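Spelled out, the chains give:
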Amino acid sequence: MATKRDWKFSSSKKNRGQGTNENDPIHLESCPRGGNRCIDQRSKINKSIKNSHELFQDRQYNHSIDELKAAFYKTLDLQDSPCNQCASLFRHRILESMEQVNQELRRMTRGLFGSRRYKTIYQHSVSAMEELRQLNK
């Protein structure tokens, strides 16, 4: 199982329209069960992450954050012993995505060209990230 390192949250729209499975943010490389046990959950998780990415590009930041939270909560369904390790990696990948969202929102609220209108959205992302980190312990 591996995560793709080139999947990043950004306001650029270069990845738009690439909806194939090979562009899924999370895909399996090796699984003791062949990935058959979590195929539905993994599909829903990937769909939520992709939706979040598209919503972020469309500047619907609150909805993007909520999609990442939904993906994280879907990983909690994978609590069987052979799936624990993969679920943990999925959660790690989602937290990385949330951190990318958080960093970009922080940049948008700070500096010379920072906007105060994103401050509440940034605070929402910080609280969501803290919530997910607490659940991940």
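Conventions we followed
Residues numbered from 1 in each chain as written. Predicted model: local features only at pLDDT ≥ 70, side-chain atom pairs only at ≥ 80, totals over all residues. Heavy atoms only, no water. pLDDT = per-residue confidence, 0-100. Helix = DSSP H or I, 4+ residues; strand = E, 2+ residues; numbered from the N terminus. Contact = heavy atoms within 4.5 Å. Expected span 1.5 Å × (residues − 1). Core = buried A, V, L, I, M, F, W, Y, C linked by side-chain atoms within 4.5 Å. Buried < 20%, exposed > 50% of the residue type's maximum accessible area, 1.4 Å probe, protein only.

Peer 1: Explanation requested: the confidence of the model for the protein chain in the structure shown.
Peer 2: Detailed reading of the predicted coordinates is not advisable wherever pLDDT is low. The predicted model of the protein chain has a mean per-residue pLDDT of 81, with 81% of residues at 70 or higher. When pLDDT is averaged over each helix and strand of the protein chain, the minimum, 45, is found for strand E1 (residues 2-3) and the maximum, 95, for helix H2 (residues 61-75). A low-confidence stretch, residues 1-7 (pLDDT under 50), is modelled with 26 contacts involving residues beyond four sequence positions or located in other chains.

Peer 1: Looking at this structure, how should I read helix H3 (residues 84-109)?
Peer 2: Quick reminder: α-helices carry 3.6 residues per turn. Residues three or four places apart thus point the same way. Compared with the 38 Å implied by 1.5 Å per residue over 26 residues, the 37 Å span of H3 between its first and last C-alpha is a close match. Looking one or two residues past H3, Gly111 carries a phi angle of roughly 85 degrees, positive in sign.

Peer 1: Help me understand the nonpolar core in this model?
Peer 2: Nonpolar side chains tend to gather and get buried jointly when the protein is soluble and globular. One finds Ile45 and Leu105 to be the most contacted residues of the largest nonpolar core, which totals 27 residues. Per element, the largest residue contribution to this core is 9 residues, and it comes from H3.

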